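For reference, the chains in residue letters:
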Amino acid sequence: NAGVTQTPKFRILKIGQSMTLQCTQDMNHNYMYWYRQDPGMGLKLIYYSVGAGITDKGEVPNGYNVSRSTTEDFPLRLELAAPSQTSVYFCASSKAKRGYNEQFFGPGTRLTVL
Amino acid sequence: DAKTTQPTSMDCAEGRAANLPCNHSTISGNEYVYWYRQIHSQGPQYIIHGLKNNETNEMASLIITEDRKSSTLILPHATLRDTAVYYCIVRAINSGGSNYKLTFGKGTLLTVNP
């Protein structure tokens with residue numbers, strides 16, 4: 001299994017540009033998550049999904065959108081990039097099992113908005 | 001979720017045991033203690049979790065006090081590759097979407113020295 005894969009690894013955007021961060025998992029996990037991590041800080045949840053067709057907001061959803069058309073894929077969309085969105089973005093997935101919360105993380109996408 | 005308190009940083013000599021403390025004095029009866037770590041520039045990695053009994057796996061041991069208000073993660077023979085930020089997270093057992101998200105604080109930077 002490849003686990004959780006993310007593309008691209010790095011990206012530089014200009015203010016106002018848009019882009020999609022890709023996330024794919026091959027573990028047949030129902031739950032998927034998007035986090036962001038600012039320098040020196042912990043991770044903050046942006047959006048999450050409990051299954052195909054179901055998504056919900058996390059702590060910091062403003063400026064982002066997600067979709068979940070398949071179990072495997074959970075792309076994150078930035079519509080109008082702003083400098084405040086400069087961060088490292090991590091995608092994660094986990095089983096849907098009561099009391100179980102081992103999340104598997106991807107390698108991250110490092111985004112800079114100038 | 002119960003709040004956790006961890007030291008900002010710790011040092012450990014290579015080959016010695018690393019003992020990372022975590023206080024979670026407001027933990028409630030249905031909350032697990034999870035430990036994750038994040039090696040520089042990588043996504044977080046699950047280590048171990050427990051409810052009230054001590055737990056051990058191939059990576060580490062988790063010791064939870066009888067009153068469950070604190071815990072210690074033990075890496076029995078630390079290596080240079082264990083240098084990372086270690087996160088202690090308390091999370092409820094409840095099933096369903098948002099209850100599976102993890103709240104990451106700033107964690108403890110463990111530096112293993114040769």
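See the structure printed just above.
Residues numbered from 1 in each chain as written. Chains lettered and ligands numbered in written order. Predicted model: local features only at pLDDT ≥ 70, side-chain atom pairs only at ≥ 80, totals over all residues. Heavy atoms only, no water.

### Focus on the layout of surface pockets
The gaps left among the atoms become clear once a water-sized probe is rolled over them. Size it by volume and the largest pocket reaches roughly 530 Å³. A:Gln37, A:Asp38, A:Pro39, A:Gly40 and B:His40 are the residues nearest the centre of the largest pocket, which is lined by 27 residues in total. Contributions of two or more residues to the lining of the largest pocket are made by strand S9 (87-94) and strand S11 (109-113) of chain A together with strand S8 (84-92) and strand S9 (108-113) of chain B. Broken down by class, the residue content of the lining of the largest pocket amounts to ten nonpolar, 14 polar and three charged. (1 Å grid on protein atoms, 1.4 Å probe; cavity = no way out; pocket = protein on both sides within 12 Å on 5 of 7 lines; lining within 4 Å. Points joined across faces, edges and corners; volume = space filled by probe spheres on them. Helix = DSSP H or I, 4+ residues; strand = E, 2+ residues; numbered from the N terminus. Nonpolar A, V, L, I, M, F, W, Y, C, P; charged D, E, K, R; others polar.)

### Focus: the nonpolar core
Among the nonpolar cores identified, the biggest contains 21 residues, and B:Trp35, B:Leu73, B:Tyr86 and B:Leu110 are the most heavily contacted of them. The set of elements that each furnish at least two residues to this core consists of strand S2 (18-23), strand S3 (31-38), strand S4 (45-50), strand S6 (61-64), strand S7 (70-75), S8 and S9 of chain B. By size, the runner-up hydrophobic cluster in this structure holds 20 residues, among which are A:Leu21, A:Cys23, A:Met32 and A:Leu76. (Core = buried A, V, L, I, M, F, W, Y, C linked by side-chain atoms within 4.5 Å. Buried < 20%, exposed > 50% of the residue type's maximum accessible area, 1.4 Å probe, protein only.)

### Overview of the pattern of salt bridges
All names here are of chain A. Enumeration according to the criterion identifies three salt bridges over all chains in this entry. The salt bridge partner of Glu79 is Arg77, with a shortest N-O separation of 3.3 Å. By relative accessible area, Glu79 is classed as partly exposed at 39%. Residue Arg77 is classed as partly exposed on the basis of its relative accessible area of 29%. (Salt bridge = Lys/Arg side-chain N within 4 Å of Asp/Glu carboxyl O.)

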